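Report on the structure
The primary structure of each chain is shown beneath.
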Amino acid sequence: MRPFTYERATSAEDALNRHDGDAYYLGGGTNLVDLMRLGVETPARIVDVAHLPYDQVQLNPDGGVLIGAAVTNSALAADRTVREGHPMLAQAVLAGASGQIRNMATVGGNLLQRTRCSYFQDIAKPCNKRDPGSGCPAIEGEHHNLAILGHSQACVATHPSDMAVALAALDALVHIRGRAGARVVPIEDFYRLPDDAPERDTVLDPGDLITAVEVPLLGMPSRYRKVRERASFAFALVSIAASLDVVGGLVRDVRLALGGVAHRPWRARRAEEALRGAPATPDAFRAAADAELAEAEPLRDNAYKVPLARNLIVQTLTELEETS
Amino acid sequence: MDSEATPVHADLTLVVNGREHRLNVDTRASLLDVLREDIGLTGSKKGCDHGQCGACTVLIEGRRANACLALAVAHDGAEVVTVEGLADGERLSPVQEAFIENDAFQCGYCTPGQLCSATGMLDEVDQGWPSAVTADVSTEPVLDDDEIRERMSGNLCRCGAYVGIVAAVRAGARSREAAEA
Ligand SMILES: Cc1cc2nc3c(=O)[nH]c(=O)nc-3n(C[C@H](O)[C@H](O)[C@H](O)COP(=O)(O)OP(=O)(O)OC[C@H]3O[C@@H](n4cnc5c(N)ncnc54)[C@H](O)[C@@H]3O)c2cc1C
Ligand code: SF4
Ligand code: FES
Ligand code: FES
């Protein structure tokens, strides 16, 4: 591992001042330290932002919540307001990693964790995301767990975060402090598709600090489900964050986001459009799922994700319909 | 090259099992390496060094964590409890007793991590934290075997002593409750 200096920031201003453009912020370290040990990330300077005073989940006047970037994953999932008002967010966090890792991991770090593509993690291999222009061996190689939607010739990786999938369905807003001041970015615009610049996961500029995530009031039942290769402590093959409001047998409102299928949490806008005003029946759920997945372009070894995603959409919406 | 770059050192104070240690460590050192190599507490084990096995689990400020992914310098001033600190003098903790009574290990390599993890996990349950198998996350969880398995899934056991581990955690939870009542 390359030697680095370690500094603990005391405020957002202090963190921004200490960041020289090449430094790395440190949250819980559960992704960064791992990648440093693999040689994938090689910071010379680390600025610890896990002790900043952004460690609270606050209730907003509109009934939503403001989640500080330094809140641990465990504390977020244990928060009463979140468990009652946004159960899919608590469930998504709890579906990720292990009890130990969730105690260390922060909300900011969770958003910015890097892909689990095996070539990205192996510095002996080419990878456009890690080493721009070197190529993407996953397209012809090991990609059974990679993207079916929104990928490019440059990169077919998926974003690994469970939490971010729920945040995408919840229309969350990412609060950012940068050199030019503070800004708020909707989570769908926060994450990028790979296009021809897969080295950039998000729209953040060097030195930008995430201070909080804002989640508006939801006001309808919601659920997170995750399909993986073992029952616990594994990344998603496909996951879904869903919310459904049914009145008089018709869908009044619906939210759907998929995980494990794209370079960013995939908000299923086409399916949502197909469903609004439609009867809340399995047939309509299937038609909506098909509308979304018509765009899918599976790779040689991951076509199984298409029916998996479809079944997950239909099942989860059916369950939500039965409880609403 | 990187390997020729000069290491950076930093001062570090840790309170481990109630005893204060003042150290000067390489900023790259993990808490696990500092515990084992600088402080000489070799109970915490290194299985994978990537957060995947749980053998290195300790309690940091009362919460279970993977010491292999923790940069030691990032925990300056922290209170840490390792497996060596779970017993009260010669008296084993209820969870430790339960591991012995329920044959919850074979080779024992994963056991220090299992013990620290179970200890931290039972505190999480006491505080009403839900898990991925809690049917309704807005309710208080009840610690059945499914809950135990899910909550302990960050601790792997290559000997496959899981049946005994679940039984031990169940028994340990009961005797903790009895002790508190
Ligand atoms: C074995 C294992 C299994 C896992 N399984 C899952 C899983 O199933 N599902 C899942 O979703 N995740 C899983 N994870 C990933 C885990 O959720 C992430 O490692 C964790 O959320 C990262 O948070 P952190 O605070 O530790 O981030 P760090 O490692 O500290 O940081 C990650 C990145 O974020 C940057 N950063 C941190 N905070 C800020 C901030 N405030 N502003 C700007 N930049 C910041 C850092 O510079 C770094 O680039 C797993 C991890 C491991 C090791
Ligand atoms: S899919 Fe993306 S991350 Fe994986 S090897 Fe290709 S460029 Fe790298
Ligand atoms: S050694 Fe830390 S989790 Fe395996
Ligand atoms: S007892 Fe041998 S690894 Fe668990």
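Along every chain, residues carry numbers that run from 1 in the direction the sequence is written. Numbering of ligands from 1 and lettering of chains from A proceed in the order in which they are written. The predicted origin of the model limits local features to residues at a pLDDT of at least 70 and limits the giving and counting of side-chain atom pairs to 80 or more, whereas totals for whole chains, interfaces and linings rest on all residues. Think of the side-chain values as coming from all heavy atoms in the structure, minus any hydrogens and water.

As recorded by an unreviewed UniProt entry, chain A carries the name Xanthine dehydrogenase family protein subunit M and is attributed to Actinomadura syzygii.

**Remarks on the overall build of chain B**
The helix count covers DSSP runs of H or I at least four residues long, the strand count covers runs of E at least two residues long, and both are numbered beginning at the N terminus. If you tally the helices and strands in chain B, you get 5 helices and 5 strands. Listing the helices and strands of chain B from first to last along the sequence gives β-β-α-β-β-β-α-α-α-α. It is over C-alpha atoms that the radius of gyration is taken, and the globule rule equals 2.2 Å times the number of residues to the power 0.38. Over its C-alpha atoms chain B spans a radius of gyration of 17 Å, differing by no more than 12% from the 16 Å that the globule rule assigns to 181 residues. On the principal axes, the C-alpha backbone points of chain B span a range of 50 × 35 × 35 Å. The 181 residues of chain B split such that 52% are buried. Throughout this description, buried means an accessible area under 20% of the type-specific maximum (1.4 Å probe, protein chains only), exposed means over 50%, and partly exposed covers the range between.

**Considerations on the packing of aromatic side chains**
Residue and element names in this part refer to chain A. Under the pairing criterion, centres of Phe, Tyr and Trp rings, with the six-membered ring standing for Trp, must be within 6.5 Å; the plane angle then separates stacked pairs below 30 degrees from edge-to-face pairs above 60, leaving the rest tilted. Counted by the stated rule, this structure contains 1 aromatic pair over all chains. For the ring pair Phe190 and Tyr191, a centre distance of 5.1 Å and an interplane angle of 80° mean the geometry is edge-to-face. Given the relative accessible area of 0%, Phe190 is considered buried. For Tyr191, a relative accessible area of 2% gives the class buried.

**Describing helix α2 (residues 94-101) of chain B**
All names here are of chain B. Buried within α2 are the following residues: Val95, Gln96, Ala98 and Phe99. Seen from one end, α2 has its buried residues packed into an arc of 160°, which puts them on one side. The exposed set on the far side of α2, more than 90 degrees from its buried face, consists of Ile100 and Glu101. Picture the helix axis, draw a direction to every C-beta atom, and the arc is the one those directions span.

**Considerations on helix α3 (residues 111-126) of chain B**
By definition here, a helix of n residues has an expected span of 1.5 Å times n minus one. Between its terminal C-alpha atoms α3 of chain B stretches 22 Å, which fits the 22 Å expected from 16 residues at 1.5 Å a residue. Of all the 16 residues making up α3 of chain B, 14 are buried; the element is thus mostly covered by neighbouring parts of the structure.

**Structural notes on the pattern of salt bridges**
Salt bridges are defined by distance alone: a side-chain nitrogen of Lys or Arg within 4 Å of a carboxyl oxygen of Asp or Glu. Throughout the structure, instances matching the rule amount to 39 salt bridges over all chains. Between Arg223 of chain A and Glu319 of chain A there is a salt bridge, with the nearest N and O atoms lying 2.2 Å from each other. With a gap of 96 residues between them, Arg223 of chain A in strand β9 (residues 222-227) and Glu319 of chain A in helix α12 (residues 305-323) connect regions that are remote in the sequence. Its salt-bridge partner being Arg176 of chain B, residue Asp126 of chain B comes within 3.1 Å of it at the nearest N-O pair. Of this pair, Asp126 of chain B sits in helix α3 while Arg176 of chain B sits in helix α5 (residues 162-180), placing them 50 residues apart in sequence.

**Observations concerning the UniProt feature "domain: FAD-binding PCMH-type" (unreviewed entry) in chain A**
UniProt positions are given in the numbering used here, feature names are shortened, and annotations may be inferred rather than shown by experiment. UniProt records the feature "domain: FAD-binding PCMH-type" (unreviewed entry) at residues 1-220 of chain A, using the numbering of this structure. Between the end C-alpha atoms of residues 1-220 of chain A the distance is 48 Å, and the span holds 25% helix and 17% strand.

**Side note on the interface of chain A and chain B**
Contacts are residue-level and defined by heavy atoms, with any inter-residue pair within 4.5 Å sufficient. At the interface, 37 residues of chain A touch 41 residues of chain B. Using a 1.4 Å probe, buried area is obtained as the accessible area two parts lose upon being combined, added over both of them. Carbon and sulfur atoms make up 57% of the surface buried where chain A meets chain B, a total of about 3200 Å² over both sides. The tally of links from chain A across to chain B stands at 2 salt bridges. Here a polar contact is recorded for every N or O atom pair within 3.5 Å, except that within protein the pair must consist of a potential hydrogen donor and a potential acceptor, and residues adjacent in sequence are included only if both atoms are side-chain atoms. The interface formed by chain A and chain B includes 18 residue pairs in polar contact (both at pLDDT 80 or more). Elements that contribute at least two residues to the side of chain A that touches chain B include exactly β1 (5-8), α2 (32-37), β3 (45-48), α3 (73-78), α4 (80-85), α5 (87-94) and α6 (99-104) of chain A.

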